[in-house]
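Working through the structure, step by step
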Amino acid sequence: MKKVLFLVSMALWSTNLVAQQQGPPTQNANTRFEQLGPMLPTPNTFRTAAGAPGRDYFQNRADYDINVTLDDATQKITGSETVTYHNNSTDELRFIWLQLDQNLFAKGSTGSITRTGSINESGMSFAQLQNLTSVRERSSQQATDKFGYKITSIKDAKSGNALKYTINQTMMRVDLPTPIKPGGSYAFKVDWNYFITEYYGRSGMEFFAKDGNYNYFIAHWFPRLCAYNDVNGWQNKQFLGQGEFTLIFGNYRVAITVPSDHVVGATGECQNYKQVLTATQQKRMAQAANSKKPIVIVTQDEAVAAEKAKAGDVKTTKTWVYKADNVRDFAFASSRKFIWDAMQTDIYGDGRKIWSMSFYSKEGNPLWGQYSTRVVEHTLKSYGNRTIKYPYPVAISCHATPGGGMEYPMISFNGGRPEADGTYSASTKAGMIGVIIHEVGHNFFPMIVNSDERQWTWMDEGLNTFCQYLAEKEWDYNFPSRRGEPQYITDYMKSDKAVLSPIMTSSDNVINLGANAYAKPATALNILRETVMGRELFDYAFKEYARRWAFKSPEPADFFRTLEDASGVDLDWFWKGWFYGVEPVDQDLVEVDWYQIDSGNPEITKAAARAEEKRKAGTISKQRDAGTQGSSVVAQDSSMRDFYNSYDPNTVTDTDRKRYQEYLATLSDSERQAIESADKNNFYTVSLKNKGGVPMPVILRMQFEDGTDSVARFPAEIWRFNDVAIKKVIVTNKKVTQWTLDPFYEIADIDTENNSFPRVSQPSRFQLFRQRQNPAASQSGNPMQQRRSTQLPATQGSGRN
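Residues numbered from 1 in each chain as written. Predicted model: local features only at pLDDT ≥ 70, side-chain atom pairs only at ≥ 80, totals over all residues. Heavy atoms only, no water.

**A look at the pairing of strand 21 (residues 354-360)**
Taking burial as the measure, the seven residues of strand 21 include seven buried ones, the bulk of the element. In this sheet, strand 21 lies alongside strand 20 (residues 339-345) in antiparallel orientation, the contact comprising seven bridges. Its bridge partner lying in strand 21, I339 is registered against Y360. Across five bridges, strand 21 lies against strand 22 (residues 394-399) in parallel orientation. Paired with S358 across the strands is S397, a residue of strand 22. You can see the chain leave strand 21, run along helix 8 (residues 367-386) and come back into strand 22, and the turn it takes is left-handed. (Buried < 20%, exposed > 50% of the residue type's maximum accessible area, 1.4 Å probe, protein only. Helix = DSSP H or I, 4+ residues; strand = E, 2+ residues; numbered from the N terminus. Pairing = 2+ DSSP bridges. Right-handed = clockwise from strand over helix to strand, strands pointing away.)

Okay, structure coming up:
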């Protein structure tokens, strides 16, 4: 309802608005908008207050020379490595720590025996049961004590003397004969072997019963140096399976011996293609080096022909030699089933060509042959434009099992498998493209911007998921992204706080890793970019973070500080709410009061009073008695009438007009202008509540009675004096008929029912039916397959051979 606003003076009016806007502070308001302060580590000479590496920043490195053999008959890895460790710290190191990640699968490992869950009485898969009971068996193996590293030798590389070592589950300490001085280095040799596990999402093998062969995806397969830095000293937290890998950079030379009919893809550049490829395949490589479309190096027909040999049949071997500089890890894939396509293109237009490659068995076609390598190239371009140009010579996507994905430098293992007949659902296609973007994108986070994954999953997964969301939109404007849009995270944010973790939670302790470490930080960054900071400021600051920390190891504080340092935007309130807390966003548009100024102009005020009087007189009784007004006593007897029967208090008199002119003469020019435009301005007092707890910008859409609309935006600092309830005065020259909070779903508000005024009810739909049906039975999840089955005779199809 409209209310009248009386103006005593313009000065008093302005003062009252300020007082109304501020109000008394609440208990939490100052805390929410104060600086993070002691919540962040104190800046020092290693890491500055601006979020950049300091003058004393250091990182140690390890160079590897590895010879490894893959035994296809026993599914076993046997390796020997010479490691040269460089101590760039100012500390003397008396021992060094190495990671033995395959010991996650050893009998009695902490990661294995602490796995929790329960039996599903309605049924569960063998894999689910094995996961719960800590059993990872294959038909050819009997017990978990067969898995894990067998360290056969650790020696000084020069003298050949044995070194003392201690294995503590997934960590191994090697005691040194003499300390490594600051600036010094030490070389040692390790021999080991282990049996390959079933592919578990990060590494392993997939068996194809139809042809008796394996695809091998070999990662965290060799003893790797732990990180030693200014934050943790040695980062030797045990590998429990969820918190990924904390690694250091180095140069690699790796010789991979496999059956002679295998095709190998790996981190780095192959040094001996002339020895491992046929002449025809070498010609195809030369063609691919100048092609803007993928060229098939190993064809499907060649791969199918190779499949006729089963695992263990081929006794001859080939050795593929790879070299990779300045990488933090090394992985490879090997199989006789692999199809291989590639192209080498100038992705950034700077004259430097980069290989985009894919390795996949026929089970991945037709999807993989059509999309994978093109998606690899697109990902490098999209991420490179937002961070730094991809510095490595190659990026590879390998088809590993139907779903999921995992990343390593220059190579990734990705899911997405069509049906046996070659058809696929829209979700399978989108899932495959999305996971390739995600895993190839990990080359930037954490393979180049080398964050500590064992401690902070969100620093690589969250940042990468955000970049994935942007790359997906650049791939296809209508791409069905699962994460990034604020409205997609609301179901998680409205969950019971007992099952929520702050983003700033150590990796192995995070509940619901996908929502917490992938989706929520990605959404937070999207909100920063679109709503809090704006694209220009955010993009510059995000790129500066990547530039500062490329080939270095940032901590969370470095990210937070850099984004503020490079943008000039105070974001401490945002980090507190989104990264350190679990409260949701829930703004409530409680009420809107409408005011117009009482100008004192009798022509206006008395006309309005007459209209209001007429409106109030339209009661139901008056309407029903309207036909009897001539029979009243006063109507029939004129002697019962006097002055007041004809008096109209809303008639404008000369005295009224004179008094109004005298009033105007006392006003300043600005005050007179406000009075004279009173009938054109509408003053609205908007009452808002912060029910969720996290302060966020206020975005209000106003729909006017003439059909137009306008959006008002207020930064989160609007809550700084009162983080529970505020009032805001908005002036318009049109009448607002509908108010809507967060009209474009920008802030992840968990309850949109209280975002409108007047309230707009949303219907809950229900179905009418004669007999309830299973929707899956009436609508196929694979329309391509359904359409094909109705068009092709039963004897025809396009399945894989």
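**With respect to unusual backbone geometry**
Residue P366 is bonded to the preceding N365 through a cis peptide linkage, with omega at 10°. In this structure, P366 sits in the loop between strand 21 and helix 8. With omega at -10°, the peptide bond leading from F757 into P758 counts as cis. Inspection of the secondary structure assignment puts P758 in the loop between strand 31 (756-757) and helix 22 (775-778). Of note in the backbone geometry, D742 takes a positive phi value of approximately 45° without being a glycine. You can see D742 is positioned in the loop between strand 30 (736-741) and strand 31. The phi dihedral of Y745 is positive, around 55°, even though this residue is not glycine. Of note, Y745 is situated in the loop between strand 30 and strand 31.

**As for the sheet that holds strand 18 (residues 317-327)**
Across the sheet, which stays open at both edges, the seven strands sit in the order 5-8-3-2-14-18-16 with mixed pairing between neighbours. Taken across any chain shown, the strands that pair with only one partner, and hence form the sheet edges, are strand 5 (150-156) and strand 16 (269-270). Of the strand pairs in this sheet, strand 2 (residues 61-71) and strand 14 (residues 250-259) are connected by six bridges, and their pairing is parallel. Bridging from a neighbouring strand, T69 pairs with T257 of strand 14.

**Remarks on a nonpolar patch on the surface**
A cluster of nonpolar side chains, contributed by V633, V634 and M640, occupies part of the molecular surface with about 280 Å² of accessible area. Along the chain, V633 turns up in helix 18 (residues 633-636). Judged by its relative accessible area of 60%, V633 is exposed. (Patch = residues over 30% accessible without salt bridge, like charges linked within 9 Å, V, L, I, M, F, W, Y side chains within 5 Å. Areas by Shrake-Rupley, 256 points an atom, 1.4 Å probe, with all protein chains shown as cover. Salt bridge = Lys/Arg side-chain N within 4 Å of Asp/Glu carboxyl O.)

**With respect to the packing of helix 10 (residues 458-475) against helix 13 (residues 535-549)**
Across the interface, helix 10 lies against helix 13 with an axial gap of 14 Å and an inter-helix angle of 130°. Between helix 10 and helix 13, the angle falls in the class oblique. Viewed along their axes, helix 10 and helix 13 form a crossing whose handedness is left-handed. Side by side, helix 10 and helix 13 meet where M459, L463, F466, C467 and K473 of the first sit next to R535, F538, F542 and Y545 of the second. (Axes fitted to C-alpha atoms, helices over the stretch in contact; angles between N-to-C directions. Parallel < 35°, antiparallel > 145°, perpendicular 65-115°, else oblique. Left-handed = near helix turned anticlockwise from the far one by under 90°. Contact = heavy atoms within 4.5 Å.)

**Considerations on the side chain of S89**
Mapped onto the secondary structure, S89 falls in the loop between strand 3 (76-86) and strand 4 (93-99). Setting aside residues up to four positions removed in sequence, S89 forms contacts with F58, N60, P182, G183 and Y228.

**Brief notes about the packing of aromatic side chains**
For the coordinates displayed, the defined rule picks out 55 aromatic pairs. Relative to F332, the ring of W221 has its centre 5.4 Å away and its plane inclined at 85°; by these criteria the two rings are edge-to-face. Here W221, found in the loop between strand 10 (213-218) and strand 11 (224-225), pairs with F332, found in strand 19 (residues 332-335); they are 111 residues apart in sequence, far enough to count as distant. Given a relative accessible area of 0%, W221 falls into the buried group. The buried category is assigned to F332, whose relative accessible area is 0%. Aromatic side chains F559 and W575 sit 6.0 Å apart centroid to centroid with 55° between the ring planes, which places their arrangement in the tilted category. With F559 in helix 14 (residues 556-567) and W575 in helix 15 (residues 572-579), the pair connects residues that are 16 residues apart, well separated along the chain. For the residue pair F559 and W575, the accessibility class agrees, reading buried in each case. (Phe/Tyr/Trp six-rings, centres within 6.5 Å; stacked < 30°, edge-to-face > 60°.)

**Brief notes about the pairing of strand 20**
Consecutive side chains of a regular strand alternate in pointing toward one face of the sheet and then the other. Counting buried positions over the seven residues of strand 20 gives seven, a clear majority of the element. When strand 17 (residues 295-298) meets strand 20, the two strands line up antiparallel, connected through three bridges. Paired with V296 across the bridge in strand 20 is D341.

**Some thoughts on the layout of surface pockets**
Put simply, the largest pocket is a space of about 610 Å³. Forming the boundary of the largest pocket are 34 residues, of which G404, G405, V435, E439 and R482 lie nearest the centre. For the lining of the largest pocket, the elements supplying multiple residues, two or more each, are strand 23 (405-408), helix 9 (426-441) and helix 10. Here the lining of the largest pocket is composed, by residue class, of 10 nonpolar, 16 polar and eight charged. (1 Å grid on protein atoms, 1.4 Å probe; cavity = no way out; pocket = protein on both sides within 12 Å on 5 of 7 lines; lining within 4 Å. Points joined across faces, edges and corners; volume = space filled by probe spheres on them. Nonpolar A, V, L, I, M, F, W, Y, C, P; charged D, E, K, R; others polar.)

**Let's talk about the confidence of the model for the chain**
Across the chain, the average pLDDT comes to 90, with 91% of residues at or above 70. Low pLDDT, under 50, characterises residues 8-23; the predicted model gives this stretch 15 contacts beyond four residues in sequence or across chains. Considering only residues more than four positions removed or in separate chains, one finds that residues 774-779, a stretch of pLDDT under 50, has zero contacts. (pLDDT = per-residue confidence, 0-100.)

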